[in-house]
Amino acid sequence: MEENKKDIMDQAGDMAAKAKEVATEKLADVKEEAAEAVANLKEEATEKLAEAKEKMTELAGEATEAFNTAKEKVSEMIDTDKIKAEAAEKLADAKAVAGNIAGEATEAFNTAKAKVTEFVNAESVAEFKNEAAEKLGDLKEDAEEALNKAKDKANELAGEAEEAVTQVAAKAKGFFARLFGK
């Protein structure tokens, strides 16, 4: 009877050791999968942020180019000081919008990064992957929204600059007509 107890105790100890070994292996697998998912998510988020920054830089360049063209045309007209002030204000507005967009993109990236860290510590890798996919989608939507805002603002600024040039041209034409009597 004593020997049976010892056998049962030995078997129970062996089973506990095997269960611990299997659990340790499963935990290592889960940690590895989570680390890989985090690395993938971080890489995708970084790529999206880089794309958004590149597009914003491109739009800012186009806006600056349009501004410079308008500035050249306006400087040929009479009231250049007033136009320069208006154009500088519009450029400042565009820079502020671009700064806001960059801030929003950085905030979205930091939020996604915080969520990734939180998910790494979670028990269920499947839930982590699903939520990470949702957050990446949200980040993509935020980046697209920011990009659309920048495009809209650039178009608006270009329209305003064109309107300002047209107004100055009309004023200059009227001025010269009165000046030379034509």
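This one's a predicted model, so the numbers in the text were calculated from it and none came from an experiment.

## Side note on the overall build of the protein chain
Now for step 1: Along its length, the protein chain carries three helices and zero strands.
Now for step 2: Along the chain direction, N to C, the helices and strands of the protein chain fall in the order α-α-α.
Now for step 3: Burial statistics for the protein chain: of 182 residues in total, 22% are counted as buried.
Now for step 4: Partitioning the contacts of the protein chain with sequence separation of at least 6, the portion at a separation of at least 24 is 85%.

## Remarks on the layout of surface pockets
Now for step 1: In this model, the largest pocket occupies a volume close to 300 Å³.
Now for step 2: Around the largest pocket, the lining is made up of 20 residues, and of these Ala-87, Lys-90, Leu-157, Glu-160 and Ala-161 lie nearest the centre.
Now for step 3: Considering each element in turn, the lining of the largest pocket owes the most residues, eight residues, to helix H3 (residues 125-180).
Now for step 4: Of the residues that constitute the lining of the largest pocket, the class distribution is 15 nonpolar, no polar and five charged.
Now for step 5: Around the second largest pocket, the lining is made up of 15 residues, and of these Leu-59, Ala-60, Ala-63, Ala-94 and Ala-98 lie nearest the centre.
Now for step 6: Within the residue set of the lining of the second largest pocket, elements represented by two or more residues are helix H1 (2-75), helix H2 (80-120) and H3.

## Considerations on the nonpolar core
Now for step 1: Counting residues in each nonpolar core, the largest one holds nine residues, listed as Leu-41, Ala-45, Leu-49, Ala-105, Ala-108, Phe-109, Ala-132, Leu-136 and Leu-139.
Now for step 2: Looking at this core, the elements that each hand over two or more residues are H1, H2 and H3.

## What about a nonpolar patch on the surface?
Now for step 1: Taken together, the side chains of Phe-175, Phe-176, Leu-179 and Phe-180 define a hydrophobic patch exposed on the protein surface, amounting to about 410 Å² of accessible area.
Now for step 2: Following the sequence through the fold, Phe-176 ends up in helix H3.
Now for step 3: Relative accessible area serves as the criterion here: at 38%, Phe-176 is assigned to the partly exposed category.

## Details of the pattern of salt bridges
Now for step 1: According to the stated counting rule, one finds four salt bridges in the structure shown.
Now for step 2: Across the pair Glu-58 and Lys-55 runs a salt bridge whose closest N-O atoms are separated by 3.4 Å. Within this pair, Glu-58 and its partner Lys-55 are both found in helix H1, separated by three residues, close to a single helical turn.
Now for step 3: Judged by its relative accessible area of 37%, Glu-58 falls in the partly exposed class.

## Some thoughts on the environment of Lys-95
Now for step 1: Mapped onto the fold, Lys-95 is located in helix H2.
Now for step 2: The exposure class assigned to Lys-95 is exposed, which follows from its relative accessible area of 57%.
Now for step 3: For the pair formed by Lys-95 and Ala-150, sequence separation is 55 residues and the distance between their alpha carbons is 9.9 Å.

Each value, and the rule that gives it
- Per-chain numbering applies: the sequence of each chain, read as written, is numbered from 1 onward.
- Selection of residues for local features in this predicted model requires a pLDDT of at least 70, selection of side-chain atom pairs for listing and counting requires 80 or more, and totals for whole chains, interfaces and linings are taken over all residues.
- Just so you know, side-chain values use all the structure's heavy atoms and leave hydrogens and water out.
- Starting at the N terminus, helices and strands are each numbered in turn, a helix being any DSSP run of H or I of at least four residues and a strand any DSSP run of E of at least two.
- Relative accessibility decides the category of a residue: with a 1.4 Å probe and only protein chains considered, values under 20% of the type maximum give buried, values over 50% give exposed, and everything between is partly exposed.
- Note on contacts: a residue pair qualifies if any of its non-hydrogen atoms lie within 4.5 Å across the two residues.
- Points on a 1 Å grid over protein atoms alone make up a cavity when a 1.4 Å probe fits among them but cannot get out, and a pocket when they form an open set with protein on both sides within 12 Å along at least five of seven lines; lining residues each have an atom within 4 Å of a point.
- Grid points are joined across faces, edges and corners, and a volume is the space filled by probe spheres set on the points.
- Here the nonpolar group is Ala, Val, Leu, Ile, Met, Phe, Trp, Tyr, Cys and Pro; Asp, Glu, Lys and Arg are the charged ones; every other residue, Gly included, is treated as polar.
- Only buried residues count toward a nonpolar core, which is a set of Ala, Val, Leu, Ile, Met, Phe, Trp, Tyr and Cys residues joined through side-chain atoms within 4.5 Å.
- Only residues whose relative accessible area exceeds 30% and that form no salt bridge are eligible for patches; like-charged ones are grouped when within 9 Å, while nonpolar side chains (Val, Leu, Ile, Met, Phe, Trp, Tyr) are grouped when within 5 Å.
- Every accessible area reported is derived by Shrake-Rupley at a probe size of 1.4 Å, with residue values counting cover from the shown protein chains alone.
- By convention in these notes, a salt bridge is any Lys or Arg side-chain nitrogen within 4 Å of a carboxyl oxygen on Asp or Glu.

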